[in-house]
Amino acid sequence: NIHVVETVLAKKCRAAAASSSSSSQEENDPAKRRRVGEISAVETLFNPKSFTQTVENLFHFSFILKKGGAQIYSTADKGPMVHTAPAGTDEHPPPRQAILSLTMRDWRRMTKAQNMQTSLVPHRTGSRHMRAATATASSQSSSHD
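Note that the coordinates shown come from a computational prediction; the quantities given were computed from them, not determined experimentally. (Residues numbered from 1 in each chain as written. Predicted model: local features only at pLDDT ≥ 70, side-chain atom pairs only at ≥ 80, totals over all residues. Heavy atoms only, no water.)

I keep staring at the overall build of the chain and nothing clicks. Help me out?
Tallying secondary structure elements over the chain gives seven helices and three strands in all. For the chain, the succession of helices and strands along the chain, N to C, is α-α-α-β-α-α-β-β-α-α. The buried share of the chain, taken over its 145 residues, is 26%. Taking the intrachain contacts of the chain between residues at least 6 apart in sequence as the baseline, contacts between residues at least 24 apart amount to 70%. Accessible surface, the chain as shown: approximately 10300 Å² in total, 54% of it carbon and sulfur. (Helix = DSSP H or I, 4+ residues; strand = E, 2+ residues; numbered from the N terminus. Buried < 20%, exposed > 50% of the residue type's maximum accessible area, 1.4 Å probe, protein only. Contact = heavy atoms within 4.5 Å. Areas by Shrake-Rupley, 256 points an atom, 1.4 Å probe, with all protein chains shown as cover.)

In C-alpha cells:
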C-alpha cells in the first residue's frame, strides 16, 4: 500500500534526521542540509521475504518520487539512499525518469549483501492469492480422506 510506504519513509527519515548531528557548516550547505535524514533504499524498500512485495514497494515509491515527496540517489560508500522532502516546502526536484531492472537474482544478492532479515516496510501477509491457494489445497486434501 502506497500509504504504508509513505508513512514508513517519513517516520524513518525523521528519526534519522533527529539522530544525526549536523555542524553549522552543514546547515549552511543546502546539499548536505537536504540529505539530513537519509536512509538506505535497500533496507527500506526491499522485503527479504518477498520479491513480489519488493517490486510493489518500488512501484509505490515511484509515485512518491513523482509527486516530489522523496528523493533517491546513490552514494559511493552507502549505496542507494532515500530521504523525504522537507514538510511544508514547495521545493521539488526537476522531473526525471529512469528505468530500473530488478531480477529475482539481483534481489537475492542485494538482500544477502545487506544481511537483511526484515524490511522497514512491514511484510504483508494474507493476500487473497495466498488464501485462495490455501483453501484449494485444504479442500483437495479433505476430498482425498
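Even after reading the chapter, I still don't get the confidence of the model for the chain, so can you show me in this structure?
In low-pLDDT regions, the fine details of the predicted coordinates are not to be read closely. In the predicted model, the chain carries a mean pLDDT of 76, and 68% of its residues have values of at least 70. Ranking the helices and strands of the chain by mean pLDDT puts helix H6 (residues 104-113) first, with 92, and helix H2 (residues 24-28) last, with 45. Overall, residues 22-34 carries pLDDT values under 50, and its contacts beyond four positions in sequence, including any with other chains, amount to eight contacts. (pLDDT = per-residue confidence, 0-100.)

When you look at the side chain of Thr75 in this model, what are you seeing that I'm missing?
Here Thr75 is to be found in strand E2 (residues 70-75). Looking at Thr75, its side chain comes within polar contact range of the main-chain nitrogen of Lys78, at 3.0 Å. (Polar contact = N/O pair within 3.5 Å; in protein donor to acceptor, adjacent residues only side chain to side chain.)

Explain the pairing of E2 here, please?
Here E2 pairs with strand E3 (residues 79-84) via six bridges, running antiparallel. Across the sheet, the residue bridging to Thr75 is Gly79, located in E3. Hairpin connection, E2 to E3: the antiparallel pair is bridged by three residues. (Pairing = 2+ DSSP bridges.)

Before we go on, may I ask you to explain the packing of helix H1 (residues 2-19) against helix H5 (residues 51-66) in this structure?
At a closest axis distance of 9 Å, the pairing of H1 and H5 adopts a crossing angle of 70°. Comparing the axis directions of H1 and H5 gives the class roughly perpendicular. Taking contact as the criterion, the partners of Ile2, Val5, Glu6 and Leu9 in H1 are, on H5, Asn57, His60, Phe61, Phe63 and Ile64. Residue composition of the contact of H1 with H5, grouped by class: six nonpolar, two polar and one charged. (Axes fitted to C-alpha atoms, helices over the stretch in contact; angles between N-to-C directions. Parallel < 35°, antiparallel > 145°, perpendicular 65-115°, else oblique. Nonpolar A, V, L, I, M, F, W, Y, C, P; charged D, E, K, R; others polar.)

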